[in-house]
2 protein chains.
Amino acid sequence: MKIGELAARTGVSIRSLRYYEEQGLLSPLRSDNGYREFSPLAEEQVRTIQLYLQLGLSTDQIAGFLHCVLKNREAFCNEVLPIYREKLAEIDSQIQLLQNIKLNLEDRIRSILDERPEGQVEE
Amino acid sequence: MKIGELAARTGVSIRSLRYYEEQGLLSPLRSDNGYREFSPLAEEQVRTIQLYLQLGLSTDQIAGFLHCVLKNREAFCNEVLPIYREKLAEIDSQIQLLQNIKLNLEDRIRSILDERPEGQVEE
DNA sequence: ATAAACCGTGACATTGGTGTGAGGGTCAAG
DNA sequence: CTTGACCCTCACACCAATGTCACGGTTTAT
């Protein structure tokens, strides 16, 4: 199938599909006229890529194990687990950072409300 | 004081101080030779800017109320509260997103460990 | 044969605070 | 007068996936 059809089937933009190829995540054949020709398997492949992107992995990381997970169960691809763990640690520290900011903001909001029960003043 | 001294006092890079000026957060005078001349008050001003940046506010948002909060208590600056609330909502949704990814990652890690108690396989 | 709907590549914009380097003034001390 | 430590502006790089032009070739249907 051509790129437009793949885009329609997956909901992923043509631009992104071309980018995935550039990053080594897709390897469509080329027709004589230069058009990309995707196998039917590409559809699932794209959904898999999207799934990993939504986990916050980079195309670089995905490229490292995509080949394997398309053929095997994830558990058989040794690249995956360390990347998941690394990502999890990263997420945890981001959450921590955001929680701290959140507490800080809540404090400050409370202070303002305490100090100014209803009256307001302009600059 | 000149920019180098302000940078040394606050720990903020010269580059950043110039950027703050560009964003309207600092308005140093200029000496005859073109050098920026900061008042002693600038030191506290920079610390205040840093504080807001660490809350995740943009220079644009900070510019909207910095003038006021430097002269009054935050509670008297009406711009502040809505921005805090907006930021808080944003933070909450980011945390939510990260929590979802975290749960997803933990599930997937668990699946892999369940499925592969110890044996590994190469690609 | 012509228009509409595809496809191709290349390249710049986005986000936003900061790093970094080029190229060039200013000024104080030796 | 020279050296070194300041200062100035301008401008590109970064991160990374995606949007969006421009410009041009191909295919399909009328």
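Residues numbered from 1 in each chain as written. Chains lettered and ligands numbered in written order. Predicted model: local features only at pLDDT ≥ 70, side-chain atom pairs only at ≥ 80, totals over all residues. Heavy atoms only, no water.

Caption draft 1: The protein's contact with DNA strand C, seen in detail. By nearness alone, 19 residues border DNA strand C, and A:Arg18, A:Arg36, B:Ser13, B:Tyr19 and B:Tyr35 come closest of all. A share of 67% of the atoms of DNA strand C within 4 Å of the protein falls on sugar and phosphate groups. Side-chain polar atom of B:Arg15 to a base oxygen of DNA strand C: 3.1 Å apart, as the coordinates give it. Between DNA strand C and the protein, one listed contact pairs a sugar or linking oxygen with a side-chain N or O atom of B:Ser16 at 3.1 Å. Elements with a minimum of two residues in the surface near DNA strand C: α1 (3–10) and α2 (14–22) of chain A together with α2 (14–22) of chain B. (Near = heavy atom within 4 Å. Polar contact = N/O pair within 3.5 Å; in protein donor to acceptor, adjacent residues only side chain to side chain. Helix = DSSP H or I, 4+ residues; strand = E, 2+ residues; numbered from the N terminus.)

Caption draft 2: Focus on the UniProt feature "coiled-coil region" (unreviewed entry) in chain A. In the numbering used here, UniProt assigns the feature "coiled-coil region" (unreviewed entry) to residues 88–115 of chain A. Helix makes up 100% of residues 88–115 of chain A and strand 0%, with an end-to-end C-alpha separation of 40 Å. (UniProt positions renumbered as here; feature names shortened; annotations may be inferred.)

Caption draft 3: Examining the interface of chain A and chain B more closely. Of the residues lining the interface, 39 residues belong to chain A; the matching set on chain B comes to 40 residues. In total, chain A and chain B occlude about 3,900 Å² of area from one another, counting both sides; carbon and sulfur atoms represent 63% of this. Summed over the shared surface of chain A and chain B, the number is 12 residue pairs in polar contact (both at pLDDT 80 or more). The set of elements that each furnish at least two residues to the side of chain A that touches chain B consists of α3 (41–54), α4 (59–71) and α5 (80–115) of chain A. Take the side of chain A that touches chain B: its biggest share by element is 22 residues, from α5(A). The class makeup of the residues in the side of chain A that touches chain B is 19 nonpolar, 7 polar and 13 charged. (Contact = heavy atoms within 4.5 Å. Buried area = accessible area lost by both parts, 1.4 Å probe. Nonpolar A, V, L, I, M, F, W, Y, C, P; charged D, E, K, R; others polar.)

Caption draft 4: Main features of the domain arrangement of chain A. All names here are of chain A. Each assigned domain of chain A is listed here: domain 1 (1–74) and domain 2 (79–123). The distance between the C-alpha centroids of domain 1 and domain 2 comes to 36 Å. With 9 residues of domain 1 at the interface, the matching set in domain 2 holds 6 residues. Interface area, domain 1 with domain 2, both sides summed: about 690 Å², of which 65% is carbon and sulfur. (Domains from an automatic or database assignment.)

Caption draft 5: The pattern of salt bridges, seen in detail. Residues and elements named next belong to chain A. Evaluated as defined, the whole model comprises 22 salt bridges over all chains. In this structure, the salt-bridge partner of glutamate 43 is arginine 47, at a minimum N-O distance of 2.7 Å. Of the two residues, glutamate 43 and arginine 47 are both situated in helix α3; the distance of 4 residues between them amounts to about one turn of the helix. (Salt bridge = Lys/Arg side-chain N within 4 Å of Asp/Glu carboxyl O.)

Caption draft 6: Spotlight on the packing of aromatic side chains. Residue and element names in this part refer to chain A. Under the defined criterion, the tally for this structure stands at 4 aromatic pairs over all chains. When the centroid spacing of 6.4 Å and the interplanar angle of 55° are considered together, the rings of tyrosine 19 and tyrosine 20 count as tilted. You can call tyrosine 19 partly exposed: its relative accessible area is 33%. (Phe/Tyr/Trp six-rings, centres within 6.5 Å; stacked < 30°, edge-to-face > 60°. Buried < 20%, exposed > 50% of the residue type's maximum accessible area, 1.4 Å probe, protein only.)

Caption draft 7: View of the packing of α3(A) against α4(A). Residues and elements named next belong to chain A. Running from N to C, α3 and α4 cross one another at 135°; their axes reach a closest spacing of 11 Å. When the axes of α3 and α4 are compared, the pair comes out oblique. The two elements α3 and α4 cross, and the hand of that crossing is right-handed. The residues of α4 that touch α3, namely those facing Gln45, Thr48, Ile49, Tyr52 and Leu53, are Thr59, Ile62, Phe65, Leu66, Val69 and Leu70. Residue composition of the contact of α3 with α4, by class: 8 nonpolar, 3 polar and no charged. (Axes fitted to C-alpha atoms, helices over the stretch in contact; angles between N-to-C directions. Parallel < 35°, antiparallel > 145°, perpendicular 65-115°, else oblique. Left-handed = near helix turned anticlockwise from the far one by under 90°.)

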